Structure formats: structure tokens, C-alpha cells
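# Structural features, examined
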Amino acid sequence: MARVMRKALLGVALVSAAIAWWGPVRPAGREIADALVVVDITRSMNVRDYRWEGRSVSRLEFVAAALKQILAELPCGSRVGLGLFTERRVALLYRPIEVCKGYPVLAASLDAIDWRMAWAADSRIADGLYDGMKLLAGGETDLLFLTDGQEAPPRNPRYRPPFADIKGKAQGVVVGVGGLTLSPIPKFDEKGEPAGFYGPEEVPHQSRFGLPERAPEGAEGYHARNAPFGGNWELGHEHLSSLKEDYLRELARVSGLAYRRLERPGDLLDELHNPARAHRQTLDTDVAWLYAGLALASLAAFYLADLYSHAPLKRHRF
């Protein structure tokens, strides 16, 4: 009987090893991400109000490091693309690629992101968000638009893009980047070397394009046709930067997207796994490890049975 059992165990081990070598797969459904990540590279993203690995880092550095970390945690089959925002447009670096095979490309791209890539110093976030939504309209890819919400100068609400035209045609989330406390914006010279911080006289504090949302009647120098904003230029806090959360929440509302503040890398992972935007896909899952484990277990049982059958009998004294 023991001999028959050992033969059976050896047979199971050989058959299981052969199946494992063949590389069997089994169809399995899983939740995957399919997203285009757009990163704001305007100058306020150089503000250092994050901590990473015990040191102070800029918003842009934190975003790149956080994205690299969460990309490594996404399940294979997930697809992520990358784009950059500055001025009024989104520059698409590449459309979504599979994260496991494409991780070296994605990681190298994130390491290379720099504010010097900006093709203009302007910052019209509403236009950039609208442009990103147009890129994805009608498709299944989600938009993750990462920005601190700071525009230069603040946008006149009269002239926002027509989000009603595209609302519902693209889905995703506006991700707010940065701290809630005003911080100085680093300035750089022509060689890209640090040159202090921007002062109040070096940045625009008010948009004077078109007509104001509400006419400042009674203000000094006001004229309905020639000076609809009044005669004095306002000085505010636009040389300092903080997360413009109220503005980004409003943009998310009018565009039909969600909003989330980025405080830790896991916030991005949560959004990519958000059930409201999850993509279910059937993938072939490698199950060779199951048969390899069965082969090892059968071999172990075979040798244990063989040792037991050859063990000397113990004599008992009474």
C-alpha cells in the first residue's frame, strides 16, 4: 500500500511540474486604472511646501516622486499616460501605456520633468483643464489634472472656457497640489540658478482683460468705456503662493470632475482605484505557481513516505 502511495505521489509531482513548465493561465477579472496624468509645471510649482524622505521639496518634486511610487503599486494591465500643462495648453508626452512593461519609460519621464520645459510663463488653469478634457472626450481614459490652482494673474470669471460644452464627455479628478499657507515663489536667473523670490512688484495681481465681472463704479479713475477696472492697479499677494482650493473645487464643479487634495502619495492611488472610475478588465493570470507548489508538496510527501518506510522498527522492553 505504501509503495502504491509513493508511486502516486511521484506521478502527481511529475504531472504538476510538466503543467507548471507549460505555463498555464486562467482568465481573471481585476480593477485597473486607465488615466492620463497632467502635471502643472508653471513657476509656482517650485514652491517648497512638501516633505519627502525627511527633506523639504518643491510641489513639482513631490508630485513626480509620488507618481513614481504609486505607479509601482498599480496592478499590471493598468495604463497611464503623461502630459504637461503651462500657459493655456496641455502638451501630451504620450498616451496611456501599460504600467508594468512601461514603468522604466514612465519613471524616466517623471525624473526629467522640470519647470524649464514650460514654453510660456503664462498660467490659465481653466483653459488647460478644458484642453485636457478635450483630449479625452468620448474615451474611457480618466484625467488626473495636478495643479496648485495659481494663475498669473487671477482669471476673470467672465472669460472661462465653455465647460458646459464638454461636461460629461470626460471624467477624472482635479488634484490640488500645495500647502494652504502662503509661501514665497522661488525666482531663477537666465542660467536657471536660484535668484531669491518674487516680490509684489514683479507679478501681475489683477487681470484687466475685457470687462470686469462686476463694474467697480465709484472707484477712483473708473470709466465705463476707457477704464472699466478703475484707474489704480491693485497690489495683492500673487507673489506668494498657496493651494487655491476654492478655485479648483469650483473648476471641478463646472467641469463635472471630482476634486481631491494631494497630501500623501496614497491619495493618488486612491483616486486611480476609485470605484466610480474603475475599469474592469479580464486578463490572463499566470497560475503556474499553483502547479509548481503542488509538485514540490508531492515530492516532499514522496520522500517523507520513503524515509518512513525504511525507518528501523524500535524494540520495546516490557
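See the structure above.
Residues numbered from 1 in each chain as written. Predicted model: local features only at pLDDT ≥ 70, side-chain atom pairs only at ≥ 80, totals over all residues. Heavy atoms only, no water.

### Things to note about a nonpolar patch on the surface
A cluster of nonpolar side chains, Val 15, Ile 19, Trp 289, Leu 290 and Tyr 291, forms an exposed patch at the surface whose accessible area comes to about 480 Å². For the nonpolar patch, the secondary structure elements donating two or more residues are α1 (2-22) and α7 (288-310). Its location among the elements puts Trp 289 in helix α7. (Patch = residues over 30% accessible without salt bridge, like charges linked within 9 Å, V, L, I, M, F, W, Y side chains within 5 Å. Areas by Shrake-Rupley, 256 points an atom, 1.4 Å probe, with all protein chains shown as cover. Salt bridge = Lys/Arg side-chain N within 4 Å of Asp/Glu carboxyl O. Helix = DSSP H or I, 4+ residues; strand = E, 2+ residues; numbered from the N terminus.)

### Here we look at the packing of aromatic side chains
For the structure on display, the rule yields five aromatic pairs. Geometrically, the ring pair formed by Tyr 50 and Phe 62 is stacked, given 4.0 Å between the ring centres and 5° between the ring planes. Of this pair, Tyr 50 sits in strand β3 (residues 50-52) while Phe 62 sits in helix α2 (residues 59-71), and the two are 12 residues apart along the sequence. By relative accessible area, which is 8% here, Tyr 50 ends up buried. Through successive ring pairs, a cluster of aromatic residues spans Tyr 50, Trp 52 and Phe 62. Seen from the ring of Tyr 198, Lys 187 lies directly overhead, with NZ or CZ sitting 5.9 Å from the centre. (Phe/Tyr/Trp six-rings, centres within 6.5 Å; stacked < 30°, edge-to-face > 60°. Buried < 20%, exposed > 50% of the residue type's maximum accessible area, 1.4 Å probe, protein only. Lys NZ or Arg CZ within 6 Å of the ring centre and 35° of its normal.)

### So, the environment of Leu 146
If you trace the backbone, Leu 146 turns up in strand β7 (residues 142-147). A relative accessible area of 0% places Leu 146 in the buried class. Between the alpha carbons of Leu 146 and Leu 129 there is a distance of 9.7 Å; along the sequence they are 17 residues apart.

### Notes on the nonpolar core
Val 39, Leu 146, Leu 262 and Leu 268 are the most contacted members of the largest nonpolar core, which has 36 residues in total. Elements with a minimum of two residues in this core: β2 (34-40), β3, α2, β5 (79-86), α3 (99-112), β7, β8 (172-176) and α6 (265-272). Counting residues per element, this core draws most heavily on α2, at eight residues. Every residue in contact with Val 39, bar those within four places of it in the chain, is listed here: Leu 60, Val 63, Leu 67, Leu 82, Gly 83, Leu 84, Phe 85 and Leu 146. Judged by nonpolar contacts, the second largest core, of 24 residues, contains Val 90, Ala 126, Leu 248 and Tyr 259. (Core = buried A, V, L, I, M, F, W, Y, C linked by side-chain atoms within 4.5 Å. Contact = heavy atoms within 4.5 Å.)

### Describing unusual backbone geometry
Leaving glycine out, the prevailing phi sign among residues is negative, and the prevailing peptide bond configuration is trans. Even without a glycine there, the phi angle at Glu 53 is positive, about 55°. One non-glycine residue with positive phi stands out, namely Glu 87, at about 60°. Along the polypeptide, Glu 87 turns up in the loop between β5 and β6 (89-98). With a relative accessible area of 22%, Glu 87 lands in the partly exposed category.

Just distances and angles here, no functional claims.
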